[in-house]
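# Residue-level structure breakdown
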Amino acid sequence: MVLFCAASLFLSGCKREEITVYRAPKEEPRRASSAASAAPPMSGHAALPERPTWKLPAGWTEHPADGPSLASFEVKSADGGHAEVSIMPFGVSLDDASLVNISRENLGLTRLSEEEVAKRIQPITVGGLPAKLFDITSGETSETQQLKAGVCLAVLPRDKTTWFFKLQGEPLAVNAEKGSFVKFLESIEFQAAPPMSAGAGSMSLSGGSSGAVLPAWEIPSHWQASSHSDMLLAKFVVTGQNSARTEMTVSSLSGTGGGALMNINRWRGQLGLAPVEEGEANQLLQPLDLPAGKAMLVDMNGTDAKTQKPARMLAVILPRGGETWFYKLMGDPQMTETERPAFLKFLQSLRYAEKPANG
Amino acid sequence: MAESPDSLPEPHMIDRIIKLFTSLKLTVVCLGLGALLVFFGTIAQVKEGLYEAQTRYFKSFLIWWSPGGGDWSIPVMPGGYLIGGVLLINLIAAHFQRFQFTKKKLGIWMAHFGIILLLIGQLFTDLLARESQMRLAEGQTLHYSEDFTAFELVFVKDAGAEDEVISVPQSYLANKGNIISPQLPFTIHVKEYHPNSWPVFRAPQMKNAAPKAEHGMAQKLDFEATEITHKTDDKNVPTALIELIPNGGASLGSWVVSGWEGDENMRKYIEFIWGKKVGEQLAHQMALPLIEPQIVEAGGVKYTMSFRPKRYYNPYSVTLLETRHEVYLGTKIPKNYQSRVRIENPQTRENREVDIYMNNPLRYEGLTYFQYQMGQDQINPEIPTSAFQVVRNPSWLTPYAGCALVGGGLLVQFLMHLFGFIKKRKAA
């Protein structure tokens, strides 16, 4: 019995964890980060059709933009208190009560009813446009401790973007700077963002396994840039009613990219269609003249192999010298039909940079 | 010759011990306790989860009970190791006391030895077996498998053609306090530890409290402590707040390390959840900090820090070439999960393709790869994925051998009796 216990304890001891050092093969690069860095400048703030400008109040210092914030400022009030202001555009908005209560919960404050929230809304103007100012913490003390931060939040819905302007910091500083904050908001003007030029687009990031350089293009304003795998160079999503959606993807392969037949049959597989022979595949190809070159368009209907829902695909093959570009619009049949003109207009806007001749 | 009064008590005590461990009553008691243990351990899995219940009830000498909220605990029942151990000793002792090794008792010896082998085999399985998972997308190659029930805090530095990894087990962080080791270039001061957590984006318009740590992803993400889950199809993702103090140097400050960080599948999952509220594009931006590496420098050396599922590296690689997922016609019931993989082992110069599918695992280099799951790559749903359950069990043959011995022994004993009976009948 003693021997058994000793043996078991010894063996149990073998399982005790220890700090270890070992050699391991190099890690593959994290796929999402490489995809994010290869994303064209059409994503994030760069996709905004307009940018705000402002007059900086005295005592405010602008800091570099950080993450989702388009701009941030450090504020020093006359009595030495500190606060900060940030500007953040969002693709979606929350209702007034949700906006206020999320902020209040973060501060340890009780939630307010919709009526109570409505009483705290002050109509203001931002760049001459009507907006709402929420004084989140005016006159409050949190339940468990003295209020640690004051918060004022201005919200301006504008086209497809909701702009948030937030003043936050020491409660006394926030109170002292509220007037400057309102004047800052009134000074804001929105100006159109610089359009994409052929030069800018062709100097942009390379991506994909072929090392292709993205062309310049004009993206319809209602197309939303989306994350994508390393297999793609760009992806845009259009969402309609009842969750209908269609996606436009861009990819590039060296040489002929496998040829029209192989790609048509690959797409047919995505639509749940049987493969075809070369003769039938050629009949599916429609010539499409673009400023970027002579392309071929394929228009097919089927069932999305992933979602098992009806789907339509408009795929364009654009050979360009040593590589072949693929532009594919696929999704809900009605949405795809609706987006067809925008897709064709997008294709007409493609501008490739000419590669320098070897000297 | 008169007996020495001093020698009398010892043999008597030994006799009593022998009598106890050879007693058939002890066998009945152990079997009864075993049945109770199985019953209570099975019920406990509902609340405690499979792995915790297994450890508490079956991989222990005693089962402890403590009142809710109390600091003390008392043993209330013997655990699996104690019952199994006593049963094993009882079996061996009783067998050697009652049976002599003769040809006539061969079958009984075989059967008893088979049961002994089963018990010992199970003990070694408990102590030495190890399970992990290998998740691959088509075309992906891996040299390791991961244990999602145990995390490790790693500091990875460049070592030329390879990386050098310092691995600190999760249990060290769970104990909090200071972690000091000659293998670490700094002291790790664990300020907080949460066995399960959930990331929360520090949206500028929602942000109010200061970040937990002054460096790394803590600037953009908070991690809230959540309840430990016991579901087998769910997992606990730990997070810790640590400070790194180089030996003889100034503090490198505080950092948040989390199991959510550094894994693309986890990032994509969070992006999917957040995307429902704020849209795909913004959710992608919000989740990006999860894959930004956290790098610290000590002694002129840069270390990439990560809190990840424990990895078991192999001297060979596995590449997923192709997957096949078939369901019964008209249903979603899986008919066949099949994966074709390539094994490349530079040490043995192997480079071959193997099929792994349901009921046909791959046994290679002491590991068994079972086809576990199939799905789609989180980042590119067009790419199929396959997950293998990787099991190391050095004593995997003992149940087969034990059952064979028991069955064979019973058969031998039966045939001996049968032939003996037939012989007597003929003689009569």
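Residues numbered from 1 in each chain as written. Chains lettered and ligands numbered in written order. Predicted model: local features only at pLDDT ≥ 70, side-chain atom pairs only at ≥ 80, totals over all residues. Heavy atoms only, no water.

## Examining the overall build of chain A
Check the secondary structure of chain A and you find nine helices and 19 strands. When each of the 359 residues of chain A is scored for burial, the buried share is 45%. Taking contacts inside chain A between residues at least 6 apart in sequence as the whole, the part at least 24 apart equals 51%. Surface summary for chain A: the accessible area is close to 18500 Å², and the carbon and sulfur share equals 54%. (Helix = DSSP H or I, 4+ residues; strand = E, 2+ residues; numbered from the N terminus. Buried < 20%, exposed > 50% of the residue type's maximum accessible area, 1.4 Å probe, protein only. Contact = heavy atoms within 4.5 Å. Areas by Shrake-Rupley, 256 points an atom, 1.4 Å probe, with all protein chains shown as cover.)

## A look at the sheet that holds strand β8 (residues 150-158) of chain A
Residues and elements named next belong to chain A. If you walk across this open sheet you meet the seven strands as β3-β4-β5-β9-β8-β7-β6, and the pairing is antiparallel. With partners counted over all chains shown, the strands left at the sheet margins are β3 (60-63) and β6 (121-126), one partner each. Across the sheet, the mean angle from the axis of one strand to that of its neighbour is 25°, orientation sign disregarded. Sheet topology places β8 next to strand β9 (residues 161-169); nine bridges connect them, and they run antiparallel. Each bridged residue has a counterpart across the sheet, and for G150 the counterpart in β9 is G169. Along the sheet face, helix α5 (residues 171-186) touches β3, β4 (71-76), β5 (82-90), β6, β7 (129-135), β8 and β9 and points at about 145° away from the line of β9. (Pairing = 2+ DSSP bridges. Axes fitted to C-alpha atoms, helices over the stretch in contact; angles between N-to-C directions.)

## Section: unusual backbone geometry
All names here are of chain B. Positive phi, normally seen in glycine, also occurs at R349, with a value near 55°. Mapped onto the fold, R349 is located in the loop between β14 (334-345) and β15 (350-357). Assessed through its relative accessible area of 77%, R349 is described here as exposed. The residue N359 is not glycine, and still its phi comes out positive at about 65°. Within the fold, N359 resides in the loop between β15 and β16 (362-364). Residue classification places N359 among the exposed positions, given a relative accessible area of 82%.

## Details of the sheet that holds strand β15 (residues 245-254) of chain A
Residues and elements named next belong to chain A. Strand order in the open sheet formed by seven strands is β13-β14-β15-β19-β18-β17-β16, with antiparallel pairing between adjacent strands. A single partner strand is all that each edge strand has here, and the edge strands are β13 (224-225) and β16 (285-290). Sheet topology note: the strand β18 (residues 310-320)/strand β19 (residues 323-331) ladder contains nine bridges and is antiparallel. Paired with M313 across the strands is M330, a residue of β19. Of the strands in this sheet, β16, β17 (293-303), β18 and β19 touch helix α7 (residues 259-270), which is tilted by about 30° from β17.

## Some words on the side chain of B:Q413
Residue and element names in this part refer to chain B. Counting through the fold element by element, Q413 comes out in helix α9 (residues 398-427). For Q413, a relative accessible area of 12% puts it in the buried group. Those residues in contact with Q413 that sit more than four places away from it in its chain are K104, K105, L106, G107 and I108.

## Side note on α7(A)
Each α-helix winds once per 3.6 residues, and so residues spaced three or four apart point in a common direction. Residues and elements named next belong to chain A. Taking 1.5 Å of rise per residue, the 12 residues of α7 would be expected to cover 16 Å, and the 17 Å separating its terminal C-alpha atoms lies within 8% of that figure. Every buried residue of α7 is accounted for by N263, I264, N265, W267, R268 and Q270. Tucked into the core, α7 has its buried residues touching α8 (278-284), β16, β17, β18 and β19. Positive phi shows up at G272, right after α7, with a value of about 70°. (Expected span 1.5 Å × (residues − 1).)

## As for the pairing of strand β12 (residues 294-298) of chain B
All names here are of chain B. Burial along β12 is one-sided: the face carrying Q294, V296 and A298 is buried and the face carrying I295 and E297 is not. Note that β12 and strand β13 (residues 301-327) share five bridges and pair antiparallel. Directly across from V296, in β13, lies its bridge partner Y303. Hairpin connection between β12 and β13: a loop of two residues separates the two successive antiparallel strands, and G299 in this loop has a positive phi of roughly 60°.

## A word on the confidence of the model for chain A
Residues shown with low pLDDT carry predicted positions that ought not to be read at fine detail. Residues and elements named next belong to chain A. Looking at chain A as a whole, its pLDDT mean stands at 75, while 72% of the residues score no less than 70. Taken together, the stretch residues 31-44 has pLDDT below 50 and engages in 37 contacts with residues farther than four places along the chain or on a different chain. For residues 195-211, every residue scores under 50 in pLDDT, and the model assigns this stretch 35 contacts once sequence neighbours within four places are set aside. (pLDDT = per-residue confidence, 0-100.)

## A short note on the packing of helix α2 (residues 24-48) of chain B against helix α3 (residues 50-58) of chain B
Residues and elements named next belong to chain B. At a closest axis distance of 8 Å, the pairing of α2 and α3 adopts a crossing angle of 145°. As α2 runs across α3, the sense of the crossing is right-handed. Between α2 and α3, the contacting residues are L37, V38, F40, G41, A44, Q45 and E48 on the first element and L50, E52, A53, R56, Y57 and F58 on the second. Its residues assigned to classes, the contact of α2 with α3 comprises eight nonpolar, two polar and three charged. (Left-handed = near helix turned anticlockwise from the far one by under 90°. Nonpolar A, V, L, I, M, F, W, Y, C, P; charged D, E, K, R; others polar.)

## Thoughts on the nonpolar core
All names here are of chain A. Ranked by internal contacts, the top residues of the largest apolar core, which has 29 residues, are W217, M248, Y327, F343, F346, L347 and L350. Elements supplying a minimum of two residues to this core: β14 (234-239), β15, β16, β17, β18, β19 and α9 (333-348). Element by element, the count of residues in this core is highest for α9, at five residues. Non-local contacts of L347, meaning those with residues more than four positions away in its chain, are made with L288, L290, V316 and Y327. In this structure, L70, V85, V126 and F165 belong to the second largest nonpolar core, which totals 26 residues. (Core = buried A, V, L, I, M, F, W, Y, C linked by side-chain atoms within 4.5 Å.)

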